[in-house]
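A structural walkthrough
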Amino acid sequence: MAYKAIDIANKLLSHAANTGEGEFMSNMKLQKMLYYQQGFHLAYFNAPLFEEDIEAWMYGPVVPCVYEYFKGNGSMGLEPLTEEISLQEVEEALFNEVFNVYGAFSASGLMNMTHQETPWLTTPTGVGNIISKEKLIQFFRTRLQ
């Protein structure tokens, strides 16, 4: 079942606020975390976590509707919007695993990582340039363990 990208974004923000040092996530980091969550979900379940497209922007992958929603915050940390949604049990386990691994990196660290990965490298950079779900599936299947 695909969710709304803004609901997954809120789930990521809630996790960031409630784990570790309780720091709020920036919009830049949120965008990269959405990319990794979508990529691993597609690779593992062969279905999207959310339907909205991810685009290849200059600073890495971006979900435009989520970016637009939070862009007024600049680089400040983002507070969760609402109560977070629950995923199916197996989806929740994968979500937590991806969060635990990639959430440890800074926004710029995640940006640098995405810039070395095939989905971003093989998609022209700019607003409107969609990173295809097929590229995400092919790349992230090589990352599943």
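Here, the structure is the one placed above.
Cut-offs applied
- Counting of residues starts from 1 at the beginning of each chain's written sequence and follows it residue by residue.
- Side-chain atom pairs in this predicted model are given and counted only at pLDDT of 80 or more, local residue features only at pLDDT of at least 70, and totals for whole chains, interfaces and linings cover all residues.
- Calculated side-chain values reflect all of the structure's heavy atoms, with hydrogen atoms and water omitted.
- Definition of nonpolar core: a set of buried residues of the types Ala, Val, Leu, Ile, Met, Phe, Trp, Tyr and Cys, connected through side-chain atoms within 4.5 Å.
- Each residue gets one of three labels from its accessible area relative to the maximum for its type: buried under 20%, exposed over 50%, partly exposed in between, using a 1.4 Å probe on protein chains only.
- Think of it this way: any DSSP run of H or I at least four residues long counts as a helix, any run of E at least two long counts as a strand, and we number them from the N terminus.
- Only heavy atoms enter the contact rule, under which two residues are in contact if any of them lie within 4.5 Å.
- Here, expected helix span is obtained from the residue count minus one, scaled by 1.5 Å.
- Two strands pair under a simple rule: DSSP has to find at least two bridges between them.
- Buriedness of a pocket was judged along seven lines, with at least five required to meet protein on both sides within 12 Å; pockets are open sets of points on a 1 Å grid over the protein atoms alone, cavities are sets where a 1.4 Å probe fits but cannot get out, and lining residues have an atom within 4 Å of a point.
- Grid points are joined across faces, edges and corners, and a volume is the space filled by probe spheres set on the points.
- All amino acids are sorted into three groups, where Ala, Val, Leu, Ile, Met, Phe, Trp, Tyr, Cys and Pro are nonpolar, Asp, Glu, Lys and Arg are charged, and the leftover types, Gly among them, are polar.
- Simply put, an axis is a line fit to the C-alpha atoms, just over the touching stretch for a helix, and the angle between two N-to-C directions goes from 0 to 180 degrees.
- By the definition adopted for this analysis, an angle is roughly parallel if under 35 degrees, roughly antiparallel if over 145, roughly perpendicular if from 65 to 115, and oblique otherwise.
- Two helices crossing with the near one rotated counterclockwise from the far one by less than a right angle form a left-handed crossing, whereas a clockwise rotation gives a right-handed crossing.

In this structure, Ile8, Leu12, Leu30 and Leu34 are the most contacted members of the largest nonpolar core, which totals 37 residues. Of all elements in the fold, only α1 (5–18), α2 (27–45), β1 (54–57), α3 (64–70), α4 (89–102) and α7 (133–141) reach the threshold of two or more residues within this core. Per-element accounting of this core gives the leading share, 8 residues, to α2. If we ignore the near neighbours within four places in the chain, the residues touching Leu34 are Ala5, Ile8, Ala9, Leu12, Phe50, Ile54, Val63 and Val66.

Assignment of secondary structure puts Gln38 in helix α2. It is 5.5 Å that separates the C-alpha atoms of Gln38 and Leu49, two residues lying 11 residues apart in sequence. Apart from residues no more than four positions distant in its own chain, Gln38 is found in contact with Pro48, Leu49, Phe50, Glu52, Ile54, Lys133 and Leu136.

Before going further, it helps to spend a moment on α1. In a regular helix each residue adds 1.5 Å, so 14 residues correspond to 20 Å; α1 covers 20 Å between its end C-alpha atoms and thus fits that length. A large share of α1 lies buried, amounting to 11 of its 14 residues. Along α1, the positions that sit buried rather than exposed are Ala5, Ile8, Ala9, Asn10, Lys11, Leu12, Leu13, Ser14, His15, Ala16 and Ala17. At its buried positions, α1 is contacted by α2, α3 and α4.

Strand order in the open sheet made by the 3 strands is β2-β1-β3, with antiparallel pairing throughout. Across the chains shown, the open sheet's two edge strands, defined by having one partner strand only, are β2 (60–62) and β3 (130–131).

On to the layout of surface pockets, then. Estimates place the volume of the second largest pocket at around 240 Å³. Surrounding the second largest pocket, Phe40, Tyr44, Leu94, Glu97, Val98, Val101, Tyr102, Arg143, Leu144 and Gln145 form its lining. Among the secondary structure elements, those contributing two or more residues to the lining of the second largest pocket are α2 and α4. Per-element accounting of the lining of the second largest pocket gives the leading share, 5 residues, to α4. Partitioned by chemical class, the residues of the lining of the second largest pocket number 7 nonpolar, 1 polar and 2 charged.

This part is about the packing of α1 against α4. Between α1 and α4, the shortest axis-to-axis distance is 12 Å and the interhelical angle comes to 55°. The pairing of α1 with α4 is recorded here as oblique in orientation. The two elements α1 and α4 cross, and the hand of that crossing is right-handed. Residues Ile8, Lys11, Leu12, His15 and Ala16 of α1 form the contact with α4, whose own contacting residues are Glu92, Phe95, Asn96 and Phe99. Residue classes in the contact of α1 with α4 are distributed as 5 nonpolar, 2 polar and 2 charged.

Spatial relationships are all this shows, so hold off on functional conclusions.
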